[in-house]
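Each chain, letter by letter, is given below.
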Amino acid sequence: MNINEVLKRRLLIVFLAVGLLAAGISSFLKLPLQAYPGVAPLTVQAISQWPGASTAQIEQQITIPVENALAGVPGVQVFRSVSLFGLSVVTVKFKEGEDSFKARQLINSYLNNLTLPAGANIAMSPDSDATGEIMRFALESTYASSMQLKTFMDYEVYKELKHVQGIADISSFGGQTRQYQIIIKPSSLLAKNVTLQQLITAVTNSNVNVGGGLLPVGEQQLVVRGVGLLSTIEDMKSIVVAVNNGVAIRVGDVADVQVGHTLRQGMFQYQDIADGVEGVVFLRRGENASEVLDRVKAKIKEINTSILPPGIDVYPFYDRQVLLDITIDTVKHTLFFGISLVLIILYIFLGNFRAAAVVAAVIPLALCVSFFNMDQFKVPANLISLGAIDFGVIVDAAVIVMENVMRHLEDRRTNLKQSIVLGASEVQRAMVFSTCIIITAYSPLFLMGGVEGIIFRPMAFTMGFALLASIILSLTFVPAMISYIFKEGGEHRPPVFIDKLLAVYKPFLRWLVDRPKQVLLSAIGLGLVTILSATQLGTEFLPTLEENNLWVRITLPSTVDLKYSAQIADKIRAEFKNQPEIQFVSVQIGRPDDGTDSTGVFNQEYGLYFKAPEDMPPGASKKALVKRLENYLNELPGVDYTFSQYIQDNVNEALSGVKGENSVKIFGNDLEVLDQQAKDIIKQLRKVHGIADEGIFTELGQPTLNVEINRERAARFGINVSDVQALVANSIGGASITNVLENEKTFGLAIRLIKNSRDDVESIASLLIDTPDGNSVPLSMVANVSISDGPFFIYRESGRRYIAIKFSVRGRDLGGAVAEAQKLVDENVSLPNGYRITWDGQFNQMKIAQRKLMTIVPLTLLAIALLLYSAFGNFRDALVVLLNVPFAAIGGILILLLTGETLSISAGIGFLSLFGIAIQDGVILISYINKLAKSDTNSIKDTIVEGASLRMRPVLMTALLAGLGLLPAALSHSIGSEAQRPLALVIVGGMITTTLLTLLVLPVLYAWIRTREQRRH
């Protein structure tokens, strides 16, 4: 770039910079901020409910047909399904990059061709993802029953919140769903000579409106309606069932009519409320969570003041904005101190506040370019990765230009304009190439997919565009501003400590240059020791992202009923609520009405929501709390538990299909064999140190009362299978036969036997079933009534059944723990033919990411080598600079060992960034030495020492800026810093060794190579 032309247009450049700042700020304000990135894959669920159907029926008649119907959907990565009592959930996981709208349209169109059994219905899951649950609230009241609260939730709160822009759906949990019930007295039916089918037919036919067309009346016309809908209990009692001997038999003569509730499959508890109602707000995929939450809060305020009656309120107890605010505070703290340290270093090394301010101004201007492009490319602002932005690296290009201009001004051999032109022109090529190399080092983040790609891709976008902008700004904005801030003939002196450093560095480097073998052998030895030490590093996927809560999943024996599960929950909830760190406790028992969580009443999920960090008791920690809760839960017999976090739990399930951080899946057809293999494997897992929360997702053992129809005996009495099924479904199960409309509300009307006629096997076997000749026979005469065990759940993936063993890893690295577990399983567990094992969850994600890095990193280094060859014109200098890569790794590995961190994907990305910065320092040094060698008549050793001395200041500055810019992130342990810390630690530690080796070892190596070349020639 022609610097003279830049100086001629310096005023225009300043105005353009102001415009860039305004455009960048405007774009930043429009960017959606994410406290927790949307790392869950695109999934669409087909949720089918068939009340009363067994697990085996569900799998055979719903799950498998749905899987087959969806098998041809393009872009699918994997099918998963779970079948259980009355519910089938088929989850379709799409490949990365598929469009959500298109995927849902395809699923909907394929499902339209599906025929389900009578009484079954199917729906798609909301257009949200595993991170989309942005708010949870409870309906609170001092007087209303759980049935009343449930009614308000379903017909008032749901309707109002569903219309809020950006909301995908509102799911309710808990409460009694109102239902009108006709409770049959078998003796009354027999006495009045009325059959069950007559009763069902009469009730169904008595609940209808009809249209009678139009009736002209004079100059008007009237709409004719036959109004016959049921509206009150008295209406229901008055329905005529039959006329016997001229006497009308009404429903009230043979049954009681009452208001009850449907069969409950779940319950919600909150704080001291034992039977409450919860609402979960789902964010539509791609929406801005903060903006939608603002609209939801405004709507809740309106609901509380003008929709709900006094004494009933919607009370949010989980709000994603709280996590967002805490994370923003952490990022603000990190960024503020990072920028402050950058400014301090700039001032110390440049010795001029105005020069430091000009260089620092490149940071917001370069970031504005990033924000503008992120807005254009619809890349969200992910606070977790944006907090790891290295401001020191962004200003490196400007530092190189400013330092060289300052050096010319300090020499006083040229005027201001000449100093600017010469200073910028001399380093222009090296600066451009070195910055492009750093951009190349960040390029793997664009190519990585999965969770790690979603988390760190915004950082790659930000850094990539910012670094490109920094090149242009360093050659335009910086020279233009230098011409404004400095006056012609002004006196400029380097800081005193620079001269003192040079007085020590120059002779010491000369001493080292004369002893190349000792220096190089020491460096090689240090590298080998570090490589050996690196074998002690554990591996993990990504650090756990702190959410300021705990999600505790407790599993009771699978045969328990809702009443017993609620009693256990009361006890555990009281214990959790008394912990000093916890502000709110919520409990979800079983599953919601919409079937979005496929589980049973034995499953309890506790949300433990912590106090704000500033309100925590002194010395409180999550680790200590988990230990206390573990000790308490271990005292409860028959209780299995898992500790996770709210969002983390949803994401883990979305990624692997299992409610746990990691899992072993055994695939096969026979559920008995799968169960035994799972028991064998969990024994091996329990031998491994660090494995915790292990448990089998039990599939067998569901007690089932079977009414098996004997067709031959039934035929003797003229009874059809449908007659027996009607008795089972309606009299025992209490299925709804019609609906009662109350204004905008709809409630079911069910027929059911009085309780003492259906409360044990003998009573059910003695039930009378009507025959065509008007008589009645006991059910046991046409069917076998017996109890047997059946499957609770049937899990499937890619068309095959499997059983899962979930586990977590605590107090040890993930890679080491799973490797040991895999070895034990391979040695001690033998699978039958046709059965196989896979390891899923975070471990699988880690292995996939590691394989990607093993491919991407060598290609990146090759691209960097080609750039170096283009910069130097020979492979010798390129290879010398590349040797900075292993030297840089030394510091990164050592600091991970010293701090007890593992080699996670986050740390791996830190190494990529570190390699780029290290190579930049090498380019700065070698480029200047080569330039000096062309005009210097001294020996090559003297030239190298002189060149290294003149480049000591920019090398120190760029290294310190890169390291100290991330020092706050490396030291932070606040919420929102977990993913940044390993990355920052690697760069901070690596910069220490990189700086030392660049200034001390690289010149020695280069002098040794150049000296040997001269001897050969």
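Residues numbered from 1 in each chain as written. Predicted model: local features only at pLDDT ≥ 70, side-chain atom pairs only at ≥ 80, totals over all residues. Heavy atoms only, no water.

## Comments concerning the overall build of the chain
A count of helices and strands for the chain gives 37 helices and 32 strands. Structurally, the chain occupies a C-alpha span of about 130 × 80 × 55 Å along its principal axes. Counting every position in the chain, which comprises 1017 residues, the buried fraction comes to 56%. Nonlocal contacts in the chain, meaning residues at least 24 apart in sequence, comprise 79% of its contacts between residues at least 6 apart. With the model as given, the accessible surface of the chain reaches about 42700 Å², and the carbon-plus-sulfur share is 56%. When the 89 positive and 93 negative side-chain charges of the chain are each reduced to one mean point, those points stand 8 Å apart. (Helix = DSSP H or I, 4+ residues; strand = E, 2+ residues; numbered from the N terminus. Buried < 20%, exposed > 50% of the residue type's maximum accessible area, 1.4 Å probe, protein only. Contact = heavy atoms within 4.5 Å. Areas by Shrake-Rupley, 256 points an atom, 1.4 Å probe, with all protein chains shown as cover. Lys, Arg positive; Asp, Glu negative; His and termini not counted. Charge placed at Lys NZ, Arg CZ, Asp CG, Glu CD.)

## Points about the environment of Arg981
On the secondary structure map, Arg981 appears in helix α37 (residues 980-1016). Sequence spacing of Arg981 and Gly910 is 71 residues, and the spatial spacing of their C-alpha atoms is 9.5 Å. Among residues more than four places away in sequence, those in contact with Arg981 are Glu901, Ala969, Ala970, Ser972 and His973. Within the structure, the side chain of Arg981 is placed 2.8 Å from the backbone oxygen of Ser972, a separation counted as a polar contact. (Polar contact = N/O pair within 3.5 Å; in protein donor to acceptor, adjacent residues only side chain to side chain.)

## Thoughts on the domain arrangement of the chain
Under the domain assignment, the chain is made up of domain 1 (1-30 + 351-493), domain 2 (41-128), domain 3 (179-209 + 256-261 + 703-791), domain 4 (497-536 + 874-1016) and domain 5 (549-644). Using C-alpha coordinates to define each centre, domain 3 is positioned 39 Å away from domain 5. (Domains from an automatic or database assignment.)

## Topic: the packing of aromatic side chains
Within the structure shown, the criterion is met by 30 aromatic pairs. Here the aromatic rings of Tyr155 and Phe747 are separated by 5.8 Å at their centres, their planes lie at 65°, and the arrangement is edge-to-face. Taken as a pair, Tyr155 in helix α5 (residues 146-162) and Phe747 in strand β26 (residues 745-753) lie far apart in primary sequence, 592 residues in all. According to the relative accessible area criterion, Tyr155 is partly exposed, its value standing at 22%. On the basis of relative accessibility, which here comes to 3%, the residue Phe747 falls in the buried class. Ring pairs connect the aromatic residues Phe268, Tyr270, Tyr315, Phe317, Tyr318, Trp551, Phe584, Tyr609 and Tyr646, which therefore count as one cluster. (Phe/Tyr/Trp six-rings, centres within 6.5 Å; stacked < 30°, edge-to-face > 60°.)

## Comments concerning helix α3 (residues 55-70)
In an α-helix, one full turn covers 3.6 residues, which means residues spaced three or four apart are oriented alike. Thr63 marks where α3 bends most, by close to 30°; the proline Pro65 follows one to four residues later. Burial in α3 covers these residues: Thr55, Ile58, Glu59, Ile62, Thr63, Val66, Glu67 and Leu70. (Bend = angle between axes of the 7 residues up to and from the residue.)

## A few points about the environment of Pro557
Note on placement: Pro557 falls in the loop between β18 (549-555) and α22 (562-577). Taking the C-alpha atoms as reference points, Pro557 and Val601, separated by 44 residues in sequence, lie 9.9 Å from one another.

## As for the pairing of β18
In terms of residue burial, β18 counts as a mostly covered element, since six of its seven residues are buried. Where β18 meets strand β21 (residues 640-644), five bridges bridge the pair, whose relative direction is antiparallel. The residue of β21 that forms the bridge with Thr555 is Asp640. (Pairing = 2+ DSSP bridges.)

## Re the sheet that holds strand β25 (residues 736-742)
Spatial ordering of the open sheet is given by β13-β8-β26-β25, a layout of four strands whose pairing is mixed. The open sheet terminates on both sides in strands that have one partner only, identified here as β13 (255-261) and β25. Here the average twist between neighbouring strands, direction ignored, is 30°. Judged from the seven bridges that link them, strand β8 (residues 178-184) and β13 form a sheet pairing that is antiparallel. (Axes fitted to C-alpha atoms, helices over the stretch in contact; angles between N-to-C directions.)

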